[in-house]
Structure formats: structure tokens, C-alpha cells
Amino acid sequence: MATENMTSGEGELERELTGMLEIERFDPPAEFVARANLTDPAIYERAEADWQGWWASQAERLHWFRRWDQVLDDSNPPFYKWFVGGKLNVSYNCLDRHVEAGLGGRVAYHWHGEEGEEEEITYADLLARVKRFASALKELGIGKGDVVGIYMGMIPEVVVAMLACARIGAVHNVVFGGFSAESVRERMEFSQARALITVDGAARKGNVAAVKQQVDQHMGDLDHLEHIIVVRAKGTPCEMREGRDVWYHEIVEAADPECPPEEMDAEDPLYILYTSGSTAKPKGILHTTGGYLVGASSTHQNVFDLHADTDTYWCCADVGWVTGHTYIVYGPLANAATSIMYEGAPDYPHRGIWWELVQRYRATIFYTAPTAIRACIKWGPEHPGKFDLSSLRLLGTVGEPINPKAWLWYHKVIGGERCPIVDTWWQTETGSIMISPLPGITSTKPGSATRPLPGILAEVVDERDGTPIEEGQGLLVLKRPWPSMLRTLYKEDERFVETYFRRFGNETYLVGDAARRDKDGYFWVIGRIDDVVNVSGHRLSTAELESAIVACEAVAEAAVIGQSDELTGQAITAFVTLQGELDGSDEVESLVRAEVAERIGKFARPKRIIWADDLPKTRSGKIMRRLLRDIAEGRALGDVTTLRDPTVMAALEEKIRAEQASIEE
Ligand code: ATP
Ligand code: MG
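As the structure is a prediction and not an experimental result, all values here were calculated from the model.

A.B. asks: Quick one: what's the story with the nonpolar core, residue by residue and with numbers?
C.D. replies: Residues Phe 83, Tyr 109, Leu 126, Phe 133, Phe 304, Tyr 330 and Leu 333 are the most contacted members of the largest nonpolar core, which totals 146 residues. In terms of residue count, the dominant contributor to this core is helix α7 (residues 156-168) (10 residues). Other than its neighbours up to four places away in sequence, Leu 126 contacts Leu 95, Ala 108, Tyr 109, Ile 121, Val 159, Val 160, Leu 163 and Leu 333. The next biggest cluster of nonpolar side chains, apart from the first, holds 31 residues, and it includes Phe 26, Tyr 361, Leu 392 and Cys 419.

Shown next as C-alpha cells:
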């Protein structure tokens, strides 16, 4: 093994982290608790005793033009309605009411561009921009119920566009800026969008992508798509088609600066968002107005222990994902928070840019994904080490199970051992966080999202008959409705019922993840149902196996799949990426196998290890195990439209061909 490539500093850190793995539990630090908003554990029981009352109390956080008559209408499950009869407007809640309360001068976003450009956008600025753009949309004939596509990167206009839609009751359909123009066309067609808001060009690590040109090449003629509104973001040349295309700045300049917010019904649609497609064909998740905003606001406040007047909050997701919708836009704005919004990638212009920005804006709350943390581990602690991270007081993760090794690295290297970590489990479908610590109350265990938030009833059930499992492994379900739940799959009611409610009936939401509950009732989400591997009758979670492999000093990342095996039913194949520039060897292979044997058991040792330079991931950074299964079994690849980097699959195919050839020799 090429250990000489590792600095002694890394080895030391490694030993310390491994030592810390022995510590099972982290209590909320006393200093944190002293200032926390929520510190009384009785909140869980109170919410449980009257869960509808709990959600009604959370709805009080918002401004309603008209109060609801009924908290929950559950007469037609699984088609639930929340805050029935209530009227509100999301943009009013996110902007006007704060400005009216005297907070117009508060910074909503410290925007930071890829090349170091900066913009400070106050609540008053944002409101003025949203009103103008909302007027402009209206003048184009866009109104309540119309679908509007949004396809751009992390620039302030993306937030303006979303809120302007919300202001006039149009339904936005944001497509992540990293998706191809072809996926945009599909999504516009499927949702019958009347308008698309996009950019001339977008920053991509020092280059500029000609976004509008690509859109033109792929959009073809969609009759329903009457308008394309183009933000001049980078000055990239593009054609403007007469009668269809307009410049954002021109229509905004000509627009009425006033635009009263539309009074929306609590159950009117707010947006459609397609899921990332880790498992199957993307699903058009539909969220509505009242319940969604209640969930976003309540969880953002409680999980991140927000002190809106003093915190600087940073969620470094992309607005194109649900995490961006709920925790960059709607939650923080509803709560009058000050956020950081960063245009670029974590490794441009350098691998310490996130930490440089934490230092620059004195970020106090930082929320990211395990995939990003694993990348930072691979790059080495010297990058964060160059910056002052002492302003941070709370860290969060979302998107995948986090390996304990990555959790501990985050805790130590980024959090300086003083910041609680909230591992937040939720989905596009749930709209907001479901399982997570409350940082001033809940003790954490690395790798566990701990317990359901107040008001949420999650269970682990037996996959055969749905009986609850107190301690052990099974399927994760949510047993009662919650305000921010998806209302359906857009134009696919049947697929909605089929996907989430067929298995255990209309009152039990099937999450699609497997989970384990431990003796303390903590939840360990261990991967998607399809990702569980069955070796000689032992049901193993991919997350657990991967965490064991990643615990090896040399390993940066791992993905595990089950392959059919005559002897054992399924055998484990592991795709492994090594730290830095290390190469795979028999020696590393035996270390990996020994680590798994030690942590889980001999039977769980991978039968086949494939060294990979990189793993196939969705554009949101999640490992696509179904493609690994396809490739390992020599099948044609399934749907690859959400795959971030196709060259990764090509390289793996090459590896496997070489492996095959050497076996046949
Ligand atoms: P698709 O449903 O199209 O396959 P996706 O499930 O990746 O895509 P999202 O809704 O963004 O799309 O992701 C939700 C899933 O991410 C969860 O069901 C779970 O598998 C995983 N996940 C999210 N947060 C966590 C977490 N904190 N711990 C473990 N897993 C998580
Ligand atoms: Mg999913």
C-alpha cells in the first residue's frame, strides 16, 4: 500500500477519529444548550398527545389572510388536505411581513459569485425585485395555476423567480441547472409549462456554459411554452426568438413596481419538483401552499435552532433540489433569516472556498451533504485548516446515510468538537425534515438521524405484514400525515398511490428506505429498500457495509451491491475509491476484507472488490447503486438521464472488461 503518500498528520487524525468511534453518544454541549431555543424534552410528548394541535401551533408562525376552518381533512386518504379554508401567500410570508415589521434592512442573502463577486440583498431589496418580476409575469399573461419552468444556477434571480411565481399563484417547476437542456424539455412538456425562466449563460468552474443556446437546441416547438424569459447573467451571446423570448431586465424595468400578493388557498399548488432519480424514472412531486410552508418554517426554526437576529445560516445545496427549495429559499425566508448563497462548486477556485466563505461571512450554521464531506476528507484537512471556522455553532447533513467516519471528521475538523450535528432524514416527498435531532435536546450518535421530530410518527415495520419492530431492522414508514407531505405525483395520481400507499394501505406512507431501530429507539436509515443485500439469509444494509469499508484508513468512498451467488444467494461486490492518489492492491484488499470481518462479520466480507477512480452519482451527489448492479452483471444500463458524469461509467466498464479478460486468461 502506498502509505508514503499520506502525511503523518492525516494518520494521526485517522487514529484519533477511530478512537472516537468508541464514543457512542454525544450529548448537546452545555454551551449550546445555554442559548438554545428548545431545551425541554417534554416537547415530544406534548406534540404526541395532540399532534394536530402541534401543527396548528406551528401554523401560527405564519401570516394568514384567512384562518383555516379545519387543521386536517383526512376523509379521503391518501389524499390529505391541511389547513382547510385557510388563505395565505408564500411570498407575503417570506418578504412583506418582515419588511412591515421593520426588518427591511436585514440581509436576506449574502450572495457570493464563483469569481468572487458579491451582492448583499436585504429583505426590502428582495421584496422590490419580486414585486416587479411578479408584475412582469402577469403582464405576459401568466397567472394563478400556470406552470412556470425555472432553469438557472445559483444566482439571486432564481430566488426572485420562485417567489414571484408564488406571489401570483403560478406553480414553479425548477430544473437543477446541472441537468441537460434535454431533461428541461421533457419536464416542461410533462408539466405543460407556459413559460420558462432561464439565463444566457452559467458559471461552471471558470467556464461559462451557453445555457440559452442549449435550451434553443433542445426545446423544439412546444406549443404550450409561450414565453422564454432570459436573465442576462454572463453576457453570453444567444438568439432571442421574436414573439417568444424576452429579456428579464427589460420586462422588469417596464413593469409595475407594485404587485399585490394573490390570496391562495392553503391547498393550492406551490411547486412541482422532480426527484433526483437514484432509483427510478423521476417523479413529479407536487407540494401545496399552506402545509408546505408550515413544515418548512417550523423545521428550519427548530432543527437549526435559528436565532434569526444573530445567525448567519448557510445551506450549500443547490436550489434545484428540494433541500434548496425548503432550506435555502422558503424556510429561511419565512423565518427572516440571513443566509449565504454561493454560486459555485466546493472546489473552485480552490478546495477551501467553503471554509473561506464561512470565515468571511462568519457563518454560524452550516448544512451540507455526506457526499461533500467525503470529498473534503479526500482533499485533506489542510484546506479547512487554513481558515477561521470559530463562528460555526451548528452543523447539519442531508441526502444519504453518513458514515460514522465522515460524521466524526465533520465534528472534529469543521465543528471544532463544539458544534452539535443534525443528521436530517427527509425526502423530496416529505417536503421538510422528518427525522433529526433537536440540537438543544437530543443526544446524537454518529450515523443515526436519531428520532422523529415532534408531531411525526415514524416506524420501522416488518416487510411481510407491516407489524412494528421495536428493535431491529425493517422498512421505514410514516404512519400519519404531516403538513408538508406531497399531495400527489403531478398528473399521476395512480402512480402516487401505487408507489407510496399500496403496500400497507392508504394511511401508511411507504418511504422506500430500510431502517433499523436500536435499543434507545434511535433510527438508523440504512439505505433504499432495493439496496439491501441478502447474504446467506443475513440482511445487510449497504450503508453499514460501506461504513465498515470506509473505516479503512486508505479508503475514501465505497458503494456496495449484491450480486446473485449460487452458494450464498447474494454475494457482496464493493466498488471502492481510495484516498488521494493511492492504488488498489492485494494488500489494501485484504485490509478492507479484514475491516469488514471485524466490524460486521466474516460472512459480510466482499467477494469482489472493484477499484474505482470515481463512483456514478446523481447530479445531487448520491451514489447510483442500480447502475453499479447493471454494470456488475453485464446488463445494459438503465435510465442514465440523472447521472452526473457519464465518463465514470465508461471508466468502470473498462475496468470490468479488463477484470474479465484477466480471469479468462
Ligand atoms: P429518487 O426517489 O428519484 O430515487 P432520491 O430518493 O435520491 O431520488 P431525494 O428525495 O432527494 O431523491 O432523496 C431522499 C432520499 O435520500 C431518502 O429517501 C434517503 O434514501 C436519502 N436520505 C436523505 N437524507 C438522509 C439521511 N439523513 N440519512 C440517510 N438517508 C438519507
Ligand atoms: Mg426517493
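A.B. asks: How would you explain the side chain of Arg 187 if you had to name every residue and give the values?
C.D. replies: For Arg 187, the position within the fold is in helix α8 (residues 181-190). Buried charge without a partner: Arg 187 forms no salt bridge, and the closest opposite charge is Glu 186, 5.1 Å away. Ignoring any residue separated from it by four or fewer positions in sequence, one finds Arg 187 in contact with Asn 173, Val 175, Phe 179, Tyr 274, Pro 282 and Thr 642.

A.B. asks: So what's going on with the packing of α7 against helix α12 (residues 322-334)? Residues and values would help.
C.D. replies: For the pair α7 and α12, interaxial distance at closest approach is 12 Å and the crossing angle is 60°. Here α12 runs oblique to α7, going by the angle between their axes. Every pair of crossing elements has a handedness; the one defined by α7 and α12 is right-handed. Of α12, the residues touching α7 (which contributes Val 159, Met 162, Leu 163 and Ala 166) are His 325, Val 329, Tyr 330 and Leu 333. Split by residue class, the contact of α7 with α12 holds 7 nonpolar, 1 polar and no charged.

A.B. asks: Go over the confidence of the model for the protein chain, please, and point to the residues and values.
C.D. replies: Predicted confidence across the protein chain gives a mean pLDDT of 93, with 95% of residues reaching 70 or more. Contacts of residues 1-9 to residues separated by more than four positions or lying in other chains number 10 contacts, the stretch itself having pLDDT below 50.

A.B. asks: Explain the packing of aromatic side chains to me, using residue names and the numbers behind them.
C.D. replies: Taken as a whole, this structure holds 33 aromatic pairs when the rule is applied. When the centroid spacing of 5.8 Å and the interplanar angle of 45° are considered together, the rings of Trp 82 and Phe 83 count as tilted. Classification of Trp 82 as buried rests on a relative accessible area of 0%. Three or more aromatic residues joined by ring pairs form one cluster here, namely Phe 79, Trp 482, Phe 496, Tyr 500, Phe 501 and Tyr 509. For Arg 67, the ring lying beneath its charged end belongs to Trp 68, and the centroid distance is 4.3 Å. The positively charged end of Arg 232 is found above the aromatic ring belonging to Trp 247, 4.4 Å away from the centroid.

A.B. asks: Got a sec to walk through the sheet that holds strand β20 (residues 421-423)? Specific residues and values, please.
C.D. replies: If you trace the 7 strands from one edge of the open sheet to the other, you get β5-β4-β17-β16-β18-β19-β20, paired in mixed fashion. Strands at the two margins of the open sheet, each flanked by one partner only, are β5 (118-122) and β20. Each adjacent strand pair in this sheet contributes to an overall mean axis angle of 20°, direction not counted. Bridge count between strand β16 (residues 312-315) and strand β18 (residues 365-368): 3 bridges; the pairing is parallel. When the sheet's bridge partners are listed, Cys 315 is paired in β18 with Tyr 367. Along the sheet, helix α6 (residues 123-139) makes contact with β4 (107-112) and β5, crossing β5 at roughly 85°. In this fold α7 packs onto β4, β5 and β17 (338-342), with an angle of close to 120° to the strand it touches most, β17.

A.B. asks: Would you mind going over unusual backbone geometry in detail, with residue names and values included?
C.D. replies: Cis geometry is adopted by the peptide bond preceding Pro 78, which originates at Pro 77 and carries an omega value of 5°. Tracing the backbone through its elements, the reader meets Pro 78 in the loop between β1 (70-73) and β2 (81-84). Cis geometry is found at the peptide bond from Tyr 348 to Pro 349, where omega equals -5°. The backbone of Ala 336 shows a phi angle near 60°, a positive value even though the residue is not glycine. Summarising the element assignment, Ala 336 is placed in the loop between α12 and β17. At Glu 417, a residue that is not glycine, the phi angle is positive and equals roughly 60°. Within the secondary structure, Glu 417 sits in the loop between α16 (404-414) and β20. On the basis of relative accessibility, which here comes to 45%, the residue Glu 417 falls in the partly exposed class.

What counts as what
Residues numbered from 1 in each chain as written. Chains lettered and ligands numbered in written order. Predicted model: local features only at pLDDT ≥ 70, side-chain atom pairs only at ≥ 80, totals over all residues. Heavy atoms only, no water. Core = buried A, V, L, I, M, F, W, Y, C linked by side-chain atoms within 4.5 Å. Buried < 20%, exposed > 50% of the residue type's maximum accessible area, 1.4 Å probe, protein only. Helix = DSSP H or I, 4+ residues; strand = E, 2+ residues; numbered from the N terminus. Contact = heavy atoms within 4.5 Å. Lys, Arg positive; Asp, Glu negative; His and termini not counted. Salt bridge = Lys/Arg side-chain N within 4 Å of Asp/Glu carboxyl O. Axes fitted to C-alpha atoms, helices over the stretch in contact; angles between N-to-C directions. Parallel < 35°, antiparallel > 145°, perpendicular 65-115°, else oblique. Left-handed = near helix turned anticlockwise from the far one by under 90°. Nonpolar A, V, L, I, M, F, W, Y, C, P; charged D, E, K, R; others polar. pLDDT = per-residue confidence, 0-100. Phe/Tyr/Trp six-rings, centres within 6.5 Å; stacked < 30°, edge-to-face > 60°. Lys NZ or Arg CZ within 6 Å of the ring centre and 35° of its normal. Pairing = 2+ DSSP bridges.

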